Each structure stands twice: as structure tokens, then as C-alpha cells.
Amino acid sequence: MAFMIAQRAFIKLYLITMVEENKGYGYQMLEDLRREFKSHGYNPPQSEIYRALHELVQQGILYRTKQLKGNDPKVDFQEIVLYHFTSDGAEKAKLYKKQVKTDLDRCLGILNKAVTDNY
């Protein structure tokens, strides 16, 4: 068993939640995570975000679609990739989140003990 939760598992947890909230645009997920954790000194690497998304697709939890970024096809040529749950992906995601919650609770216990014992 790892000492603390793996970074990729942590990132996948947030990516799943973002898809649940219909925020499935890859680059926007990266920017949102960076903004959310900046005050905690954590800057998720872009490569880890996309690796985690790729793994979620490989695991059959998510699938990808492409669409133009803007609303005017005459002007907006940039394609973006959106992520959605597969037909059984939401159930698989729920199970994954439950497993990660167990790891998070264990990590919190370790961290709380360290604070109590040393400060």
C-alpha cells in the first residue's frame, strides 16, 4: 500500500467530478484544477491531466467527442475535445470514487496523527 494517495488517482477523482458537473473540456479542466489548488502550492502537470483522461477512456469510464470551440463555424476553427460518461461509465466512476475515498480517509488519518503527535 502506498504511503499517500497517488497523484493520478487524485487527479482522476477531480476529473470524474468535473464530468459529473458537465465540465468535460480537457484544457478547461486543467485550468480549473490549477486555479483551485494554487493557494495550496499544487500545480497539476498538464501531462498528468491528459494521462489521467486517457486512462479513464481506456477503462471505459469516459469517451471523447470533438466540437468547434465557438458557435460560428465560419470564424471558429479550433476544435476542442469534450469528455462524457460511457453508458456504464457513471456507475464505474461512482465505484472508483468510493475506492479513492477510502484512500483519502486513510491519508487524512496519517496526516492528522502526524500533526497531533508533532505539533
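Preceding this paragraph is the structure being described.
Computed from a prediction, not measured in an experiment: that's the story for all the values here.

Conventions used here
- Residues numbered from 1 in each chain as written.
- Predicted model: local features only at pLDDT ≥ 70, side-chain atom pairs only at ≥ 80, totals over all residues.
- Heavy atoms only, no water.
- Helix = DSSP H or I, 4+ residues; strand = E, 2+ residues; numbered from the N terminus.
- Contact = heavy atoms within 4.5 Å.
- Salt bridge = Lys/Arg side-chain N within 4 Å of Asp/Glu carboxyl O.
- Buried < 20%, exposed > 50% of the residue type's maximum accessible area, 1.4 Å probe, protein only.
- Expected span 1.5 Å × (residues − 1).
- Arc of directions from axis to C-beta.

(A) Representation of the side chain of Glu-48. Note on placement: Glu-48 falls in helix α3 (residues 46–58). Those residues in contact with Glu-48 that sit more than four places away from it in its chain are Gln-7, Arg-8 and Ile-11.

(B) Inspection of the pattern of salt bridges at higher detail. A complete count under the given rule lists 11 salt bridges for this structure. Two residues, Arg-8 and Glu-48, come together in a salt bridge whose shortest N-O distance is 2.8 Å. A residue pair is termed long-range when its members are at least 10 positions apart, and Arg-8 in helix α1 (residues 7–20) and Glu-48 in helix α3 qualify at 40 residues. Classification of Arg-8 by relative accessible area gives partly exposed; the value is 23%.

(C) Local environment of α3. Taking 1.5 Å as the rise per residue, α3 with 13 residues should run 18 Å; its terminal C-alpha atoms sit 18 Å apart, in good agreement. Among the residues making up α3, those that are buried are Glu-48, Ile-49, Ala-52, Leu-53 and Leu-56. The buried residues of α3 occupy one face: seen down the axis, they fall within an arc of 135°. On its buried face, α3 sits against α1, α2 (26–37), β1 (62–68) and β2 (79–85). Looking one or two residues past α3, Gly-60 carries a phi angle of roughly 80°, positive in sign.

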